Amino acid sequence: MSDTQTSAEHRRVADDSDRWREALHRIVSGSWAVSLGAIVLAVLGGSIMIIVTDPGVQQASAYFFSRPSDTFAAIGSSVGGAYYALFRGAVWDFGADSFAGAIRPLTQSLTMATPLIMAGLGVAVGFRAGLFNIGGRGQMLVAAAAGGWIGFAVDMPWPLHMLVAVLAGMVAGAVWAGIAGVLKAYTGAHEVITTIMLNYVGFYLVSYLLATPGLLQAPGSSNPKTPHMLTSAIMPDLLGRRYNLHLGFIFALLAVAYVWWLLNRSSTGFAFRAVGENPAAAKVAGIDVPRTTVSVMLVAGALVGLAGVTQVLGTVTTGFSYDIDAGIGFDAITVALLGGSRPIGVMFAAILFGAFKAGGSVMQAAEGVPIEIVQVVQALIVLFIAAPPLVRAVFRLPQPGKRPKRGKRAARRQEVAA
Amino acid sequence: MKTAMRGVALAAATALALAACASAPEESPSSSSTDSAGASETSTAKATDYTACIVSDAGGFDDKSFNQLSYEGTKKAAQELGATFKEAQSDSETDFQPNLEAMVSVGCDTIVSVGFALSAATVESALANPDLQYVLVDDAADNDFNGEKDAPNIKPLLYDTAQAAFLAGYLSAGYSKAGKVGTFGGQPYPTVTIFMDGFKQGVDYYNKVKGTDVKVVGWDGKDGSFTGGFEANDTAKATANNIIGQGVDVLLPVGGPIYQSARDAIADSGKDIALIGVDADVYNTDPSVQSLLLTSIMKNMDVSCYDTIMAAGQGNFDPTAYVGTLSNDGVGIAPLHDYKDKVDPALMDEVNKLKQDIIDGTVKVTSYLNQ
C-alpha cells in the first residue's frame, strides 16, 4: 500500500468517526422542548395503536357511516380508559381507600425507575465522552451474578453484606465494560460491536452458571434460578413492607449527584467531555485519550452494574434468572437520549419510563390493552428524539442553525432579522 | 411475531374502516358494552361477579406452548362461567410481581400464574392475600424444597409427562427402521428433560421386551443435546441437523417452537424422518408439520386449567396439587393421523396395552414427580 493510499484511508476513517460524533452530538444536545414534543407525539401515536387494536372500536367502525357517534364513543372510551389505567397504575390510585394506598402506584413507578436511573447514567456518561455503550445487558447480568452470588452464598452481618455485594456488582459491571474500553483505546475496536458481543458472552456465561449445580443454581432445584437472597444482603424497604420502594432508590439519587459532580465539577469529567467533543483537540491539550476512554467505560460499567445488583438485592430478592436485566440495558439508552445525557434529565426520563412500566401492568390487567402498546410508545419516543427537526417542525419550534451549540440564540437572531 | 400480529390488526382495522358502510345494529343493552365483545354468551355475562385472571411468563400467551394452552383453558372457563377475565403478559422476571399485584388490585378472585419462573412471586402474593386463590402451572410452589407447598391457597398443576413420553418412546422404537431415535431440548429444565427421560425409558423398555437394541441419540438418562433457548433459530436447526446426521429416523424436539427448526432440518436432509410433537396435538396447532408427525406427547394444561377455574368459579376451589397422569388424562399421546398406515396395528395394540399397564402400575415410569 502506498503512502497516499494510507493517508486517504486514514482520512476516510477520521471522516467516519467525525460523522458518528457529529450525529451523537446532535442527538444528545436536543432541548427540553424536543423531549417533551417527542413524548406528546409518541402518546398520540400510542392512541392510534390503541384505537385500531380495540375490539369495541373495530365493531363500531364497521357501521361508521350509519352512526359515527358510536365509533367516536368507542374511541373515547378505549383511549381514555387506557391512559386512565396508565395513570392509575403509575401515579395515583383513585380506587384506593386511603392516602397510603393511593400513592402506592407512585412508589411503584419510582421502584421501576431506580435501575433505569443508574443504567441511564452509565449510558449518558459514555455518550458525553463520545462512546456508545450498548452493553448494558451484559454488564447488568455479570453484575447481578457477582452481587447475587455474594448475596446468597456468603455470610456477613448487615449492612456490610449488602455493601460488599453492591460493590462486587459494580466492580463486575466495570470490568465487563472496561474490556470494551481497553479494546477501543488500544486496538481501535468499535465499542458498539464489542459491547454487543459482550452482551452475548455475559448472557451465555450467566445462563451456564445458572444451570450448573454448585454455582448460581439453587441447591435442590434443577431450574435455572438462584436461591433467595440472604436477609443481611437485601436492600431494606424505604417506606415499610407495604411499598416496594427500597434503598436502591437512594443509591440512584446519590449516583445522580455523583455523576453531576463528575461531569460538571471534576477535572476527570472535563477530560471525558473534552474527548467527547473532539478527541484530536483533547490530545493536543495533553489529555491521555486512550486512558480516558478506559476510565469512561469503567465508570459507565460500574453505574450499569449498580443497576444490575439493585435488581437482585432490591427489586427481585427471591432469586433471579437470566432475564433479570429486563431489557433495562437497552431502555437505558433511550433514557439517556431522552434526558439529553444530563444527570438530572436522565433522572426524570427514567422516572417517566418507570411510570410507563408500572402503569403498563395495570393497563393490561384493567383495560386489556396489550403491553406492547406501552412499548410502542417508548419506541416512538426514541424515534422522535432521534429526529429533532421533525418534532420542531410539528410543534413549530425554532430550528437551530448548523452549529448545535449556539443553536437557540442563532435561531432567535434569525427570526429577529426576518 | 407480536409486531406482525399488530400489523395484521392494523390492516384488519383499516379494512374494516374502508368497509364501514354496514348498517348500525339496533340499540340494545348488549351492543353498547364493549367488554362483552369476546364473550360467547352475552345472556350469562355478569351472571356472576367472579373474576378469573392469568399472568404469563416471559414466553407470552402466543408461545404455542404452556402459556397459550393455560390461557385458552382459563379463558374458556371464564367465558362459560360468565365471569370477568383479565390477562397480563410478563416480558421479564421483574414484571411478575407488579403483574400479580395489578391483578390483586383489579379484584381478581383466582389468579393463574404460568411457569416455574413465577413460583416465588406467586408464593409471595399468595401469602400476602390469603383470601385469593392461586393456580400455579408446572411448578410445585415449593421454593424451600421441604416437600410441601409454601402457601396454603396455591393449587399447583403438575404433569407427569414421562408417562406419555414413555408410550411415545415405545412407539418410536417399534416404528424405527434405522434402530436409532433422537431427541433434543431447549434448556435442561426438569419440565423439558421429563419428556426426554420418559422417551428414553420407553425405548429401553421396548429393547428389554423385544430383545432389540434401539439407540437414543441426544439423551443418555442424565445429559443430552440442548439448543440453549426456546427459539426456532439457527442454533436449534444446527442441533437438529447434528442429531439427524447420526442416522435417526424419529426425532423428538422438546421446547416451544424448536420443532419448527427440526422440521426445516428434516426437509433439508431429504430423509424420511418422523417428528414427535409436544404439549398440544401439534397436528391441530401447526398444519405445516402434519405430514411429518408420528404423534404428539400431550400435556393437557388447557383441560386442567379449565377444570380448575370452573370449580373455583362455582365456589369449589380445591388447593390440593393436581398431577396430570395417563390415568386422569392429564397427559397422553395424540392419534397417529397421517401415520396411521405406516405403523403396524399390532404395535399400536401394544402401546395401548402398555398405557393400561402404566395406569395399573405394573410398568413403572420414573420422573422427578414420583421419585
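Residues numbered from 1 in each chain as written. Chains lettered and ligands numbered in written order. Predicted model: local features only at pLDDT ≥ 70, side-chain atom pairs only at ≥ 80, totals over all residues. Heavy atoms only, no water.

### Some thoughts on the overall build of chain A
Phase 1: Of regular secondary structure, chain A possesses 18 helices and zero strands.
Phase 2: Across the 418 residues of chain A, 55% fall into the buried class.
Phase 3: Pairs at least 24 apart in sequence give 72% of the contacts found in chain A among residues at least 6 apart.
Phase 4: Looking at chain A as shown, the accessible area adds up to about 18600 Å², and 66% of this sits on carbon and sulfur atoms. (Helix = DSSP H or I, 4+ residues; strand = E, 2+ residues; numbered from the N terminus. Buried < 20%, exposed > 50% of the residue type's maximum accessible area, 1.4 Å probe, protein only. Contact = heavy atoms within 4.5 Å. Areas by Shrake-Rupley, 256 points an atom, 1.4 Å probe, with all protein chains shown as cover.)

### Description of the interface of chain A and chain B
Phase 1: Listed as interface residues are 46 residues of chain A and, on the opposing side, 42 residues of chain B.
Phase 2: Of the roughly 3800 Å² buried at the junction of chain A and chain B (both faces included), carbon and sulfur atoms supply 55%.
Phase 3: Linking chain A with chain B are one salt bridge.
Phase 4: The tally of links between chain A and chain B comes to eleven residue pairs in polar contact (both at pLDDT 80 or more).
Phase 5: Taken together, the elements giving at least two residues each to the side of chain A that touches chain B come down to helix H2 (32-53), helix H3 (55-61), helix H6 (104-128), helix H13 (289-315), helix H15 (343-367) and helix H16 (371-385) of chain A.
Phase 6: A per-class count over the side of chain A that touches chain B returns 20 nonpolar, 20 polar and six charged. (Buried area = accessible area lost by both parts, 1.4 Å probe. Salt bridge = Lys/Arg side-chain N within 4 Å of Asp/Glu carboxyl O. Polar contact = N/O pair within 3.5 Å; in protein donor to acceptor, adjacent residues only side chain to side chain. Nonpolar A, V, L, I, M, F, W, Y, C, P; charged D, E, K, R; others polar.)

### Re the packing of aromatic side chains
Residue and element names in this part refer to chain B.
Phase 1: On inspection of all chains with the given rule, the structure shows 20 aromatic pairs over all chains.
Phase 2: Judged by centre distance (5.1 Å) and plane angle (75°), the rings of Tyr170 and Tyr206 are edge-to-face. Of this pair, Tyr170 sits in helix H5 (residues 161-175) while Tyr206 sits in helix H6 (residues 190-210), and the two are 36 residues apart along the sequence. The pair formed by Tyr170 and Tyr206 is uniform in burial state, with each residue classed as buried.
Phase 3: Feature note: the residues Phe166, Tyr170, Tyr205 and Tyr206 constitute an aromatic cluster, connected by ring pairs.
Phase 4: If you follow Lys76 out to its NZ or CZ, it ends over the ring of Tyr306, 4.4 Å from the centre. (Phe/Tyr/Trp six-rings, centres within 6.5 Å; stacked < 30°, edge-to-face > 60°. Lys NZ or Arg CZ within 6 Å of the ring centre and 35° of its normal.)

### Things to note about the packing of helix H8 (residues 160-187) of chain A against H13(A)
Residues and elements named next belong to chain A.
Phase 1: The interhelical angle for the contact between H8 and H13, taken along N-to-C directions, is 145°, at an axis separation of 6 Å. Handedness of the H8/H13 crossing: right-handed.
Phase 2: Classifying every residue of the contact of H8 with H13 gives 18 nonpolar, seven polar and two charged. (Axes fitted to C-alpha atoms, helices over the stretch in contact; angles between N-to-C directions. Left-handed = near helix turned anticlockwise from the far one by under 90°.)

### Re the nonpolar core
Phase 1: Residues Leu313(A), Met363(A), Ile381(A), Met103(B), Ile111(B), Leu294(B) and Val343(B) are the most contacted members of the largest nonpolar core, which totals 191 residues.
Phase 2: Not counting the four nearest positions on each side in its chain, Met363(A) is found in contact with Ile50(A), Ala82(A), Ala85(A), Leu86(A), Gly368(A), Val369(A), Ile373(A) and Val374(A).
Phase 3: Counting residues in each nonpolar core, the second largest holds 20 residues, with Ile244(B), Leu251(B), Ala265(B) and Ile266(B) among its members. (Core = buried A, V, L, I, M, F, W, Y, C linked by side-chain atoms within 4.5 Å.)

### A few points about the sheet that holds strand S12 (residues 331-333) of chain B
Strands belonging to one sheet form pairs held by backbone hydrogen bonds; the direction of such a pair is parallel or antiparallel.
Residues and elements named next belong to chain B.
Phase 1: Strands sit in the order S7-S6-S8-S9-S10-S12 across an open sheet of six strands; the sheet is mixed. The outermost strands of the open sheet, each flanked by one partner alone, are strand S7 (215-217) and S12. On average, adjacent strands in this sheet sit at an angle of 20° to one another, irrespective of strand direction.
Phase 2: By the bridge criterion, three bridges tie strand S6 (residues 180-185) to S7 in an arrangement that is parallel. Among the inter-strand pairings, Lys180 is bridged to a residue of S7, identified as Lys215.
Phase 3: Contacts between helix H8 (residues 258-269) and the sheet are confined to S6, strand S8 (250-254) and strand S9 (274-279), with S8 contributing the most and set at about 150° to the helix. (Pairing = 2+ DSSP bridges.)

### Considering the state of the cysteines
Residues and elements named next belong to chain B.
Phase 1: With the rule as written, the count across this model stands at one disulfide over all chains.
Phase 2: The disulfide partner of Cys53 is Cys108, and the S-S distance across this bridge is 1.9 Å. Since a negative S-S torsion denotes a left-handed disulfide, the Cys53-Cys108 link at about -95° is left-handed. Note that Cys53 is positioned in strand S1 (residues 51-55) and Cys108 in the loop between helix H3 (96-105) and strand S3 (110-114), a separation of 55 residues in sequence. Residue Cys53 shares its accessibility class with Cys108, and that shared class is buried. (Disulfide = S-S within 2.5 Å.)

### Focus on the UniProt feature "transmembrane region" (unreviewed entry) in chain A
Residue and element names in this part refer to chain A.
Phase 1: Mapped onto this numbering, the UniProt entry gives "transmembrane region" (unreviewed entry) at residues 27-52, 72-91, 112-132, 163-186, 192-211, 243-263, 296-320 and 332-356.
Phase 2: In the segment residues 72-91, helix accounts for 95% and strand for 0%; the C-alpha atoms at its two ends are 27 Å apart.
Phase 3: Helix makes up 80% of residues 296-320 and strand 0%, whereas the separation of the span's terminal C-alpha atoms amounts to 29 Å. (UniProt positions renumbered as here; feature names shortened; annotations may be inferred.)

### Examining the sheet that holds strand S11 (residues 322-324) of chain B
Residues and elements named next belong to chain B.
Phase 1: Across the sheet, which stays open at both edges, the six strands sit in the order S2-S1-S3-S4-S5-S11 with parallel pairing between neighbours. Edge positions in the sheet fall to strand S2 (84-88) and S11, since each has one partner strand and no second. Along the sheet, successive strands turn relative to each other by an average axial angle of 15°, direction set aside.
Phase 2: Inspection of the sheet shows S3 paired to strand S4 (residues 133-137) by five bridges, in the parallel sense. Counted as the bridge partner of Val114 is Val137 from S4.
Phase 3: Packing against the sheet, helix H2 (residues 66-81) makes contact with S1, S2, S3 and S4, and its axis sits at approximately 160° to S2.
Phase 4: Contacting S3, S4 and strand S5 (154-159), helix H4 (residues 119-128) crosses the sheet at an angle of about 170° to S4.

### A few points about the environment of Tyr258(A)
All names here are of chain A.
Phase 1: Structurally, Tyr258 can be placed in helix H10 (residues 248-265).
Phase 2: For Tyr258, a relative accessible area of 39% corresponds to the partly exposed category.
Phase 3: The spacing of Tyr258 and Pro343 is 85 residues in sequence and 9.0 Å in space, taken between C-alpha atoms.

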